[in-house]
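Overview (structure and organization)
Given next are the chains, with one letter for each unit.
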Amino acid sequence: DQQVKQNSPSLSVQEGRISILNCDYTNSMFDYFLWYKKYPAEGPTFLISISSIKDKNEDGRFTVFLNKSAKHLSLHIVPSQPGDSAVYFCAASAYGTASKLTFGTGTRLQVTL
Amino acid sequence: GAVVSQHPSWVICKSGTSVKIECRSLDFQATTMFWYRQFPKQSLMLMATSNEGSKATYEQGVEKDKFLINHASLTLSTLTVTSAHPEDSSFYICSARDMGHNQPQHFGDGTRLSIL
């Protein structure tokens, strides 16, 4: 039972353009959502998060949007840079679960020159 | 800030050996740490939640006698894979979160475990 889904296993974007990574979830108890970036053989690096009381959070080039009614969140990266090439995971947690994270399957982003 | 150090980064050992992996939060105190396992081209799977000063909480299907977790201080948790076998070969990653509501987990760089 995959409660957090990233339906696009890969995405290729030209440098300078916008990258949009999508994530869907099924558990209505999730109230905190995060995006992580991961390089091979390294641990995930925290990028940005959003609480369910908000619908948008922005940090520099990264913006996360949350649509609770659709159980959907997205990460926008603009402008995309070659160094953004990595696997991106969305994750979610529910209040009262000791902050346990449920991860999506990941989307590999390739930013081309 | 929010640095998590994991050691060792790579271990190769014979079947039957026990292997200990350390996870340290370097610049914050973590009452809760987490241990994950990642198989090739798959997502991170939570194995257990490590609570400082108390027993770890294991996810369904994870053998607690196989994967021993100790969280003796607010900055250190250890995972010991006991009597490791080739099927235990995997990428193990720990994380720690700072105190407070809605704090993100910060991850170590992982340990590649290869059992021959």
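All of these numbers come straight from a predicted model, not from anything done at the bench. Here the residue numbers are simple positions, counted from 1 along each chain's written sequence. Working convention: letters from A go to chains and numbers from 1 go to ligands, in the order in which they are written. The model is predicted, so local features are restricted to residues of pLDDT at least 70 and side-chain atom pairs to those at 80 or more, both for listing and for counting; the totals for chains, interfaces and linings are taken over all residues. Excluding hydrogens and water, the side-chain values take into account all heavy atoms of the structure.

What follows deals with the overall build of chain B. Along its length, chain B carries zero helices and 11 strands. Secondary structure elements follow DSSP: runs of H or I no shorter than four residues count as helices, runs of E no shorter than two count as strands, and numbering proceeds from the N terminus. Along its sequence from the N terminus, chain B presents helices and strands in the succession β-β-β-β-β-β-β-β-β-β-β. Atoms counted for the radius of gyration: C-alpha only. Globule rule: 2.2 Å times residue count to the power 0.38. A compact globule built from 116 residues would reach a C-alpha radius of gyration of about 13 Å, and chain B, at 13 Å, matches this within 12%. Overall size of chain B, expressed as C-alpha extent along the three principal axes, is 40 × 25 × 25 Å. Each residue gets one of three labels from its accessible area relative to the maximum for its type: buried under 20%, exposed over 50%, partly exposed in between, using a 1.4 Å probe on protein chains only. For chain B, buried positions account for 51% of its 116 residues. Using a 1.4 Å probe, accessible areas were evaluated by the Shrake-Rupley method; residue-level cover was limited to the displayed protein chains. When the accessible surface of chain B is split by element, carbon and sulfur atoms take 51% of a total near 5,700 Å².

All names here are of chain A. Strand order in the open sheet made by the five strands is β1-β3-β8-β7-β6, with antiparallel pairing throughout. If you trace the sheet from one side to the other, it starts and ends with β1 (4-5) and β6 (56-59), each paired once. Only strands joined by at least two bridges in the DSSP assignment are considered to pair. Direction of pairing for β6 relative to strand β7 (residues 62-67): antiparallel, over a ladder of four bridges. Among the inter-strand pairings, Glu58 is bridged to a residue of β7, identified as Thr63.

Turning next to the packing of aromatic side chains. We call Phe, Tyr and Trp rings a pair once their centres come within 6.5 Å, taking the six-membered ring for Trp, and we label the pair stacked below 30 degrees between planes, edge-to-face above 60, and tilted otherwise. Under the counting rule described, the total for this entry stands at 10 aromatic pairs over all chains. An angle of 75° between the planes, with centres 5.9 Å apart, marks the rings of A:Phe103 and B:Phe107 as edge-to-face. Residue A:Phe103 is found in strand β10 (residues 102-103), and its partner B:Phe107 is found in strand β10 (residues 105-107); the two belong to separate chains. Residue class for A:Phe103 comes out buried when judged on its relative accessible area of 4%. Three or more aromatic residues joined by ring pairs form one cluster here, namely A:Tyr36, A:Phe46, A:Phe89, A:Phe103, B:Tyr36 and B:Phe107.

Below, the discussion takes up a nonpolar patch on the surface. Residues and elements named next belong to chain A. There is a patch of nonpolar side chains on the surface, built from Ile18, Ile20 and Val78 and spanning about 220 Å² of accessible area. Inspection of the secondary structure assignment puts Ile20 in strand β3 (residues 19-25). Note on Ile20: relative accessible area 37%, which makes it partly exposed. Only residues above 30% relative accessible area that lack a salt bridge enter a patch, with like-charged residues linked at up to 9 Å and the nonpolar side chains Val, Leu, Ile, Met, Phe, Trp and Tyr linked at up to 5 Å. By definition, a salt bridge exists where a carboxyl oxygen of Asp or Glu is found within 4 Å of a side-chain nitrogen of Lys or Arg.

On to the side chain of A:Gln6. All names here are of chain A. Inspection of the secondary structure assignment puts Gln6 in the loop between β1 and β2 (10-14). A relative accessible area of 4% means that Gln6 is categorised as buried. N or O atoms within 3.5 Å of each other form a polar contact, as long as, within protein, one can give a hydrogen and the other can take it, and as long as residues adjacent in sequence are counted only when both atoms are side-chain atoms. Among the polar contacts listed, one links the side chain of Gln6 to the backbone nitrogen of Cys90, at a separation of 3.1 Å.

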